[in-house]
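# An overview of the molecular structure
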Amino acid sequence: MVHRDDLAPESAPSPSAPPPQGGAGRIAIISAGVGAGHDGAAAGLAERLAEHGYLVDRHDFLDLLPTGTGRLLCGTYHRMLTWIPDGYQRLYATTDRAARPGAVWRALFRAAEQRTLRALAPDTRAVVSTYPGASQVLGALRRRGRLTVPAFTYLTDFSVHALWVAPGIDAHLAVHPVPAAQAHVQGAAAAIVVGPVTDARFTPATAGQRAAARERFALPADAPLALLVAGSWGGSGRCDGPPPRYRRPGSRCPWWCADATRPSWRSCAGTASSTLSAGWTTCPG
C-alpha cells in the first residue's frame, strides 16, 4: 500500500552540509525496539558520541517500515520465541544459509527506504545501524548513491547472521574478534573490532565485588561459571543447559541460564544449575 507521505520527496543528507555550529557534527543511529539488545547498543553508542561533542539522532527501524508493519513484525517475532521457538530456529537457520534476503524481506526493506532518507537530517555526517534490517536498507541506499554519507553497522551479536552483512555498508564494527572474523568470512566490508558499548555502570569487578555477587546469588565461591544468555526475551520457554558437547563427564564448570521470562531463580535441567531473571525489558503488550 502506498501512503501519502511515501510520495513526498526525500531530503537526503549530504557530506557537504556544514556541521552544527559549535559541535563535531550530527550522527544518526538506527536501532529497533525488538527485545533490548539493539536499543542497548544504540544507547551506548549515543552516549559515547555525545561525550565527543556529536549531536545524535536516534530512530527506531520499526517506525520506518510501512504503517503497522513494524509492530506486526515485532509481535510475531515475540510470539514465535514464546510459543514455537523451534520454528523460529528453523527460520533463522534457513535465512542464514540464503545468499541474500528473500523476496518478502527485500520488498519490506525497499519499502523503508523513503522513510529512512526522510528521517535523516540534512546535516547528518554518518549513519550507524544496530539492527540488521536497517543495515540492509542503508547498504542498498549507499549502493545506489541515494545515501551520500558513510553508513556503519555495529554488530550486536557474537553469532553473525547473514542479514547482518549488507553490501554497501562502509564498515562493520564488532564487539570482539569472533564476530569480526565471521563477518569478514561472509564478505563484510572492513570488519573492525571496536569493543563493547555497555552502560557505564558495567566496569571490571574487584575481587570483593565478585565474592559479594557469588554470595548474593548463592553461587560457588571459587568454581568457574558458565553463563548461558538467551536474550532479553528469554529465547524460549525452557532452559535445558549447555549443548551436549559441553557436558563432559567430570566437568567442574556448573552453568546458569539468564532468562528474562522467569520471575526468579529456579532449578534447571542438569547439575548445579539455576535460572536468573535478567529483567532487561518488558514484553510487548
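Description of the structure in this document. (Residues numbered from 1 in each chain as written. Predicted model: local features only at pLDDT ≥ 70, side-chain atom pairs only at ≥ 80, totals over all residues. Heavy atoms only, no water.)

## Some thoughts on unusual backbone geometry
Applied cut-off: Counting from the N terminus, the helices are the DSSP runs of H or I reaching at least four residues and the strands are the DSSP runs of E reaching at least two. Classification of residues uses two cut-offs on accessible area relative to the type maximum, computed with a 1.4 Å probe and protein chains only: under 20% is buried, over 50% is exposed, and between them is partly exposed.
Its identity is not glycine, yet Ala-190 carries a phi of approximately 45 degrees, on the positive side. Tracing the sequence through the fold places Ala-190 in the loop between helix H8 (177-185) and strand S6 (191-193). If you check the backbone angles, Ala-218 has positive phi at about 55 degrees while not being a glycine. Here Ala-218 is to be found in the loop between helix H9 (207-216) and strand S7 (226-229). The exposure class assigned to Ala-218 is exposed, which follows from its relative accessible area of 65%.

## So, the layout of surface pockets
Keep this limit in mind: In this analysis, the protein atoms alone were mapped onto a 1 Å grid. Cavities are point sets where a 1.4 Å probe fits without being able to get out; pockets are open sets with protein on both sides within 12 Å along at least five of seven lines; lining residues have an atom within 4 Å of a point. Grid points are joined across faces, edges and corners, and a volume is the space filled by probe spheres set on the points. Side-chain classes are defined by residue name, with Ala, Val, Leu, Ile, Met, Phe, Trp, Tyr, Cys and Pro counting as nonpolar, Asp, Glu, Lys and Arg as charged, and the others, Gly among them, as polar.
What the second largest pocket holds in volume is close to 390 Å³. Surrounding the second largest pocket, 19 residues form its lining, Arg-100, Pro-101, Arg-106, Gln-136 and Arg-143 being those nearest its centre. Those elements giving two or more residues to the lining of the second largest pocket turn out to be helix H5 (103-111) and helix H7 (132-143). Taken together, the residues of the lining of the second largest pocket sort by class into 10 nonpolar, three polar and six charged.

## Overview of the nonpolar core
The tendency in soluble globular proteins is for nonpolar side chains to be buried side by side. As a reminder, the rule being used: In this description, a nonpolar core means a group of buried Ala, Val, Leu, Ile, Met, Phe, Trp, Tyr and Cys residues linked to one another through side-chain atoms lying within 4.5 Å. Residue contacts follow a heavy-atom distance rule, with two residues in contact if any of their heavy atoms lie within 4.5 Å.
Membership of the largest hydrophobic core comes to 26 residues, with the highest contact counts inside it found for Ile-30, Phe-61, Val-127, Leu-138 and Leu-147. At the level of elements, strand S1 (25-31), helix H2 (61-64), H5 and H7 are the ones that each hand at least two residues to this core. By residue number, the principal contributor to this core is H7, which donates four residues. Sequence-distant contacts of Leu-138, defined by excluding residues within four places in its chain, comprise Ile-30, Thr-116, Val-127, Ser-129, Leu-147, Ala-151 and Ile-169. With 13 residues, the next largest nonpolar core counts Ala-42, Ala-126, Tyr-154 and Leu-173 among its residues.

## Remarks on helix H4 (residues 85-97)
Just so we agree on the cut-off: Helices are assigned an expected span. That span is 1.5 Å times one less than the residue count. The arc in question is the one traced by the directions running from the helix axis out to the C-beta atoms.
Taking 1.5 Å per residue, 13 residues should reach 18 Å; H4 reaches 19 Å between its end C-alpha atoms and fits that length. When H4 is considered as a whole, its buried residues turn out to be Pro-85, Gly-87 and Tyr-88. Axial view of H4: buried residues confined to an arc of 155 degrees, hence all on one face. Summarising the geometry of H4, the exposed residues directed more than 90 degrees from the buried face are Arg-90 and Arg-97. In this structure, the buried residues of H4 make contact with helix H3 (69-83).

## Regarding H8
Note that an α-helix has 3.6 residues per turn; residues three or four places apart therefore point the same way. Within H8, the full set of buried residues consists of Pro-179, Ala-180 and Ala-183. Burial along H8 is one-sided: seen end-on, the buried residues are contained in an arc of 105 degrees. Those residues of H8 that are exposed and angled more than 90 degrees off the buried face are His-184 and Val-185. Residues of H8 that are buried in the fold lie against strand S5 (171-174) and S6. In the segment just after H8, Gly-187 is the residue with positive phi, at about 95 degrees.

## Things to note about the pairing of S5
Definition in use: At least two bridges found by DSSP between two strands is the condition for calling them paired. Viewed with both strands pointing away, a crossover whose connecting path from the first strand over the helix to the second turns clockwise is right-handed.
Residues of S5 alternate between two faces, with Ala-171 and Leu-173 on one and His-172 and Ala-174 on the opposite face, all of them buried. Pairing of strand S4 (residues 151-154) with S5 involves three bridges; the strand directions are parallel. Directly across from Phe-152, in S5, lies its bridge partner Ala-171. For S5 and S6, the ladder comprises three bridges, and the chain directions are parallel. Looking across to S6, one finds that His-172 is bridged to Ala-191. Of the crossover connections in this fold, the one passing from S5 over H8 to the parallel S6 is right-handed.

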